[in-house]
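# Chains, contacts and geometry: an overview
Next come the chains, spelled out residue by residue.
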Amino acid sequence: MNPQANLIFIISLLLGTTITISSNHWIMAWTGLEINTLAILPLISKSHHPRAIEAATKYFLTQSAASALVLFSSMTNAWHTGQWDITQLTHPTSSLILTSAIAMKLGLVPFHFWFPEVLQGSPLTTGLLLSTIMKLPPIALLYMTSHSLNPTLLTTLAILSTALGGWMGLNQTQIRKVLAFSSISHLGWMAIIIVYNPKLTLLNFYLYAMMTATIFLTLNTIKVLKLSTLMTAWTKIPSLNAMLLLTLLSLAGLPPLTGFLPKWLIIQELTKQDMAPAATLISLLSLLSLFFYLRLAYCTTITLPPHTTNHMKQWRTNKSTSTMIAILTTMSIMLLPISPIILTIV
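About the cut-offs
- Residues numbered from 1 in each chain as written.
- Predicted model: local features only at pLDDT ≥ 70, side-chain atom pairs only at ≥ 80, totals over all residues.
- Heavy atoms only, no water.
- Helix = DSSP H or I, 4+ residues; strand = E, 2+ residues; numbered from the N terminus.
- Rg over C-alpha atoms; globule rule 2.2 N^0.38 Å.
- Buried < 20%, exposed > 50% of the residue type's maximum accessible area, 1.4 Å probe, protein only.
- Contact = heavy atoms within 4.5 Å.
- Areas by Shrake-Rupley, 256 points an atom, 1.4 Å probe, with all protein chains shown as cover.
- Lys, Arg positive; Asp, Glu negative; His and termini not counted.
- Charge placed at Lys NZ, Arg CZ, Asp CG, Glu CD.
- UniProt positions renumbered as here; feature names shortened; annotations may be inferred.
- Core = buried A, V, L, I, M, F, W, Y, C linked by side-chain atoms within 4.5 Å.
- Domains from an automatic or database assignment.
- Phe/Tyr/Trp six-rings, centres within 6.5 Å; stacked < 30°, edge-to-face > 60°.
- Lys NZ or Arg CZ within 6 Å of the ring centre and 35° of its normal.
- Buried area = accessible area lost by both parts, 1.4 Å probe.
- Salt bridge = Lys/Arg side-chain N within 4 Å of Asp/Glu carboxyl O.
- Polar contact = N/O pair within 3.5 Å; in protein donor to acceptor, adjacent residues only side chain to side chain.
- Patch = residues over 30% accessible without salt bridge, like charges linked within 9 Å, V, L, I, M, F, W, Y side chains within 5 Å.
- Expected span 1.5 Å × (residues − 1).

Okay, the overall build of the protein next. Within the protein one finds 16 helices and 0 strands. Relative to a compact globule of 346 residues, whose C-alpha radius of gyration would be 20 Å, the protein shows 20 Å and is just as compact. Dimensions along the principal axes, computed over C-alpha positions, put the protein at roughly 70 × 50 × 35 Å. Out of the 346 residues belonging to the protein, those deemed buried represent 54%. Long-range contacts, defined here as pairs at least 24 residues apart, represent 77% of the contacts in the protein between residues at least 6 apart. Surface summary for the protein: the accessible area is close to 15,200 Å², and the carbon and sulfur share equals 70%. On the protein, the mean spot of the 17 positive side-chain charges and the mean spot of the 6 negative ones are 20 Å from each other.

Further remarks concern the UniProt feature "domain: NADH:quinone oxidoreductase/Mrp antiporter transmembrane" (unreviewed entry) in the protein. The UniProt feature table records "domain: NADH:quinone oxidoreductase/Mrp antiporter transmembrane" (unreviewed entry) at residues 23-288. Along residues 23-288 one finds 74% helix and 0% strand; the C-alpha atoms at either end are 38 Å apart.

By size, the foremost hydrophobic cluster in this structure holds 99 residues, and its most contacted members are Ile40, Tyr59, Leu130, Ile192, Leu219 and Leu230. Looking at this core, the element that brings in the most residues is helix H10 (residues 198-222), giving 13 residues. Split by domain, the residues of this core number at least three in each of domain 1 (1-129) and domain 2 (150-306 + 320-345). Setting aside its immediate chain neighbours within four residues, Leu219 contacts Leu124, Ile175, Leu179, Val224, Leu230 and Leu244.

With respect to the helices and strands, the residue Leu245 is situated in helix H12 (residues 238-251). A residue is classified by how much of its surface remains accessible, and Leu245, at 23% relative accessible area, is partly exposed. Apart from residues no more than four positions distant in its own chain, Leu245 is found in contact with Ala297, Thr300 and Thr301.

A few words now on the packing of aromatic side chains. One pass over the full model with this rule turns up 5 aromatic pairs. A ring pair is formed by Phe292 and Tyr293, whose centres lie 5.0 Å apart and whose planes are at 50 degrees; its orientation type is tilted. For Phe292, a relative accessible area of 1% corresponds to the buried category. Tyr293 gets classed as buried once you look at its relative accessible area, which sits at 2%. Here the aromatic cluster, defined as three or more aromatic residues joined through ring pairs, consists of Tyr59, Trp114 and Phe115. The positively charged end of Lys135 is found above the aromatic ring belonging to Phe115, 3.7 Å away from the centroid. For the cation-ring pair, Lys263 lies above Trp189, with the distance from its terminal atom to the ring centre recorded as 5.0 Å.

Right, let's get into the domain arrangement of the protein. Taken as a whole, the protein is organised into domain 1 (1-129) and domain 2 (150-306 + 320-345). Look at where the C-alpha atoms of domain 1 and domain 2 centre, and you get two points 23 Å apart. In this assembly, 20 residues from domain 1 lie in contact with 26 residues from domain 2. Carbon and sulfur atoms make up 77% of the surface buried where domain 1 meets domain 2, a total of about 2,000 Å² over both sides. Among the residues domain 1 hides against domain 2, the three largest losses belong to Val109, Gln120 and Leu124. Together they make up 34% of the total. In this structure, the salt-bridge partner of Lys177 is Glu117, at a minimum N-O distance of 3.5 Å. Counting across the interface, domain 1 meets domain 2 through 4 residue pairs in polar contact (both at pLDDT 80 or more). Put simply, the parts of the chain that give the side of domain 1 that touches domain 2 at least two residues each are helix H4 (92-106), helix H5 (114-121) and helix H6 (124-131). With 5 residues, H5 is the single largest residue contributor to the side of domain 1 that touches domain 2.

In this section: the pattern of salt bridges. Counted by the stated rule, this structure contains 3 salt bridges. For the salt bridge of Glu54 with Lys58, the shortest nitrogen-to-oxygen distance reads 2.8 Å. Here the residue Glu54 and the residue Lys58 both occupy positions in helix H3 (residues 50-81), the gap between them amounting to 4 residues, near one helical turn. For Glu54, a relative accessible area of 40% puts it in the partly exposed group. With relative accessibility at 28%, the residue Lys58 sits in the partly exposed group. Each member of the salt-bridge network shares a partner with another, and the members are Glu54, Lys58, Glu117 and Lys177.

On the surface, Ile338, Ile341, Ile345 and Val346 cluster together to form a nonpolar patch covering roughly 370 Å² of accessible area. Residue position: Val346 is located in the segment after helix H16 (339-345). In this structure Val346 comes out as partly exposed when scored by relative accessible area, which is 35%.

As a further point, take H3. With 32 residues, H3 ought to run about 46 Å at 1.5 Å a step, and its terminal C-alpha atoms sit 47 Å apart, in line with that. Gly82 sits one or two positions beyond H3 and adopts a positive phi of about 75 degrees.

Here it is, written out as structure tokens:
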């Protein structure tokens, strides 16, 4: 792709995200979401592969349906209350429609079917954008309307997302699809706590985005897309592969790594809200996703493939790892000891 065009799309993406996050009026929020959708489409389909075109088409159809629902929800609320302010979403039907629209935008169950397909058809760098920055505007809208959302509906969506995200990721061999189901599972954790403590949702999202960015950038550096190629990639940059192992375990939420912090705080908050059964259930369901993280981690650090056929060893690269990956990896692994500082900031 032409670098100038690429720059325009990236700037439009940042502009759309900024407009949605900083808006008070529903029409401005909708405009930001539309700019975002239109800016990411060329980045998904830039390889001109049939699968990429299919991914872009699926993404466009899903997001336009979700945007229409956002408009419908805000218009229904304005019709009944005379308010176009985002924080004044008080009508129950409007909040129900909005929850469905945001769930569709994010890829929460039962509106999750588009996400693994779109991520599989996109390049790794676009997949990174789809998993992180494209999730920020819908989560910001949920944050602003959290006081009027239906807790029962969100808890149901969250538990279903954690269950299906873990269960459907078990038999995947494509790493992008595994990361898509991992994203759906993490969104379940964010959705369950949004009504009770919205700041925890934001903290969870920031840490999730940081760990996912680390994994996508690492995979992009070692040029790996499938589990079978991940097994033989350890010869390229062994130190980076060791760090990838730790980042995957952090994303799984194992102590003493960074990813344990949001899970710990969410379980604590749910217990305070007399939701111990939901906390227990979501914790048990996250064991499903732990299995495929462990499988990825095993494939990352295995030094011999578990079969007798000959394979080509890949050449070790001499180029140094980028500073960005080094910083992100360190933060993805070692932030748990400074969690009191993080909590005072949030």
